[in-house]
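The primary structure of each chain is shown beneath.
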Amino acid sequence: MTCPSRRIGRSLAALTLIVLTPFSVLGASAKAKAPVAEAAPPPPAKPTPYDDRLSRFAEILGSVHYLRSLCDPGKAEEWRSGMQTLLDVETADEPARRERLTAAFNRGYRAFASVYTQCTPAAVTAEERYRNEGATLAGEITARFGN
């Protein structure tokens, strides 16, 4: 198992680059494939000290993914892809954490999907603010918990 501080450092360093780039819901392709043989479930994962912050970060990624899909569709997939990378690195063997982070991403996506149906100046401003919050949060998590 990878050290949590190394995992978070690698995953957030990659995502910080995405978040800082100026101007998505996880779909079926992001779901884990069903195991062929039924195996014993892994023991519950002990929460990391940065799980709350990471959950907020996932929510921000979902929000920005949706807003980008409205205002800059060519770059929208970067956000969903970034979230998938975060899930793969952070929750490889922790299905409960994966579910929580996926739910946070989807919650962020739905929050803006219920408000914006087209790109407006307010949507562009919201996307910029969320991107800035995500960059700040990624920097704080990496500085405090990364190697």
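Keep in mind the model is a prediction, meaning the values are calculated, not measured.

Caption draft 1: Just the overall build of the protein chain, in detail. Scanning the protein chain from N- to C-terminus turns up 5 helices and 0 strands. Mapped in sequence order, the helices and strands of the protein chain form the string α-α-α-α-α. Expressed as a percentage of its 147 residues, the buried residues of the protein chain come to 43%. When the accessible surface of the protein chain is split by element, carbon and sulfur atoms take 57% of a total near 8100 Å².

Caption draft 2: Just the packing of helix H2 (residues 51–71) against helix H3 (residues 77–90), in detail. Where H2 contacts H3, the axes come no closer than 8 Å and their chain directions differ by 155 degrees. As summarised for this structure, H2 and H3 are arranged roughly antiparallel, according to the angle between their axes. The crossing of H2 and H3 is left-handed. Contacts from Leu54, Phe57, Ala58, Leu61, Val64, His65 and Arg68 of H2 reach H3 at Glu77, Trp79, Arg80, Met83, Leu86 and Glu90. For the contact of H2 with H3, a count of residues per class yields 8 nonpolar, 1 polar and 4 charged.

Caption draft 3: Fine view of H3. When the terminal C-alpha atoms of H3 are compared, their 20 Å separation across 14 residues agrees well with the 20 Å that a helix rising 1.5 Å per residue should span. Of the positions making up H3, those classed as buried are Trp79, Arg80, Gly82, Met83, Gln84, Leu86, Leu87 and Glu90.

Caption draft 4: A look at the state of the cysteines. A complete count under the given rule lists 1 disulfide for this structure. Two residues, Cys71 and Cys119, share a disulfide whose sulfurs are 2.1 Å apart. Across the S-S bond linking Cys71 and Cys119, the dihedral sits near 105 degrees, which makes this disulfide right-handed. Separated by 48 residues along the polypeptide, Cys71 in helix H2 and Cys119 in the loop between helix H4 (95–113) and helix H5 (121–145) bring together distant segments of the chain.

Caption draft 5: Focus on the packing of aromatic side chains. The final tally for this structure, using the stated rule, is 4 aromatic pairs. Measuring from ring centre to ring centre gives 5.1 Å for Tyr66 and Tyr109, while their planes differ by 80 degrees; the resulting arrangement is edge-to-face. Of the two residues, Tyr66 is situated in helix H2 and Tyr109 in helix H4; the sequence distance between them amounts to 43 residues. For the ring pair Phe112 and Tyr116, a centre distance of 6.0 Å and an interplane angle of 15 degrees mean the geometry is stacked. For the pair formed by Phe112 and Tyr116, the shared burial category is buried.

Caption draft 6: Representation of the packing of H2 against H5 within the structure. One way to put it is that H2 packs onto H5 with a least axis distance of 9 Å and a crossing angle of 150 degrees. Between H2 and H5, the interaxial angle falls into the category roughly antiparallel. The handedness of the crossing between H2 and H5 comes out as left-handed. Classifying every residue of the contact of H2 with H5 by side-chain character gives 14 nonpolar, 2 polar and 7 charged.

Caption draft 7: Summary view of H4. The terminal C-alpha atoms of H4 lie 26 Å apart, and with 19 residues this matches the ideal 27 Å at 1.5 Å per residue to within 8%. Every buried residue of H4 is listed here: Arg97, Arg98, Leu101, Thr102, Ala104, Phe105, Asn106, Gly108, Tyr109 and Phe112.

Caption draft 8: Representation of the environment of Glu99. Structurally, the position occupied by Glu99 is in helix H4. Measuring from C-alpha to C-alpha, the distance between Glu99 and Leu87 comes to 9.3 Å, with 12 residues separating the pair along the chain.

Conventions adopted
Residues numbered from 1 in each chain as written. Predicted model: local features only at pLDDT ≥ 70, side-chain atom pairs only at ≥ 80, totals over all residues. Heavy atoms only, no water. Helix = DSSP H or I, 4+ residues; strand = E, 2+ residues; numbered from the N terminus. Buried < 20%, exposed > 50% of the residue type's maximum accessible area, 1.4 Å probe, protein only. Areas by Shrake-Rupley, 256 points an atom, 1.4 Å probe, with all protein chains shown as cover. Axes fitted to C-alpha atoms, helices over the stretch in contact; angles between N-to-C directions. Parallel < 35°, antiparallel > 145°, perpendicular 65-115°, else oblique. Left-handed = near helix turned anticlockwise from the far one by under 90°. Contact = heavy atoms within 4.5 Å. Nonpolar A, V, L, I, M, F, W, Y, C, P; charged D, E, K, R; others polar. Expected span 1.5 Å × (residues − 1). Disulfide = S-S within 2.5 Å. Phe/Tyr/Trp six-rings, centres within 6.5 Å; stacked < 30°, edge-to-face > 60°.

Any functional reading would require information beyond the geometric quantities listed.
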